[in-house]
Amino acid sequence: LTCKPIYSRILSLFAEQNDLQYAVPGGLIGVGTKIDPTLCRADRMVGQVLGAVGSLPDIFTELEISYFLLRRLLGVRTEGGQKGAKVQKLSKNESLMVNIGSLSSGGRVLAVKADLAKIMLAHPVCTEIGEKIALSRRVDKHWRLIGWGTIRKGRKIDVVEH
């Protein structure tokens, strides 16, 4: 598994109809670059991280998180009562969907201990220690939010410079 950065020059910044001089966190910002449009089509770059050269966080393939589970599932009704079904504890080898920022990635639980879990990600993720994540489980063919967590540490992979 190798990760290569895509280097480009930013040509324009837009927020709705406004041409921006600089961007700050919060809201949607259109970034005009010299990147080949075939790389960007069909939302292929959703969840990717943009930053100045040398300023991006590390890339992880495995995360250790401290997590909190919801008491009941949202949007799911039980047969008799009106309340949602209880959220079961995480189990080893269970498949989850992990949302970090705007990126959704599959993950497999490698180990669970109290409120800590180790998750192997399906795709590498560029993120920081301390970042908040959302955890979802497949319930009746739908992904349902079951909890959230904070990244404690992880296994990094090196970026191949060209």
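Up top is the structure.
**Quick look at the pairing of strand β4 (residues 59-69)**
Counting buried positions along β4 gives nine out of eleven residues, so the element sits mostly inside the fold. Of the pairings in the sheet, the one linking β4 to strand β7 (residues 116-126) comprises seven bridges and is antiparallel in character. Directly across from F60, in β7, lies its bridge partner V125. Both β4 and strand β9 (residues 142-157) contribute to a ladder of ten bridges, which runs antiparallel. Directly across from Y67, in β9, lies its bridge partner G149.

**Let's talk about the nonpolar core**
Residues I65 and L135 are the most contacted members of the largest nonpolar core, which totals 22 residues. Counting residues per element, the ones that place at least two in this core are β4, β5 (95-100), β6 (103-113), β7, β8 (132-139) and β9. The contacts of I65, once residues within four sequence positions are left out, are D115, L116, A117, I119, I133, L135, T150, I151 and R152.

The rules behind these values
Residues numbered from 1 in each chain as written. Predicted model: local features only at pLDDT ≥ 70, side-chain atom pairs only at ≥ 80, totals over all residues. Heavy atoms only, no water. Buried < 20%, exposed > 50% of the residue type's maximum accessible area, 1.4 Å probe, protein only. Helix = DSSP H or I, 4+ residues; strand = E, 2+ residues; numbered from the N terminus. Pairing = 2+ DSSP bridges. Core = buried A, V, L, I, M, F, W, Y, C linked by side-chain atoms within 4.5 Å. Contact = heavy atoms within 4.5 Å.

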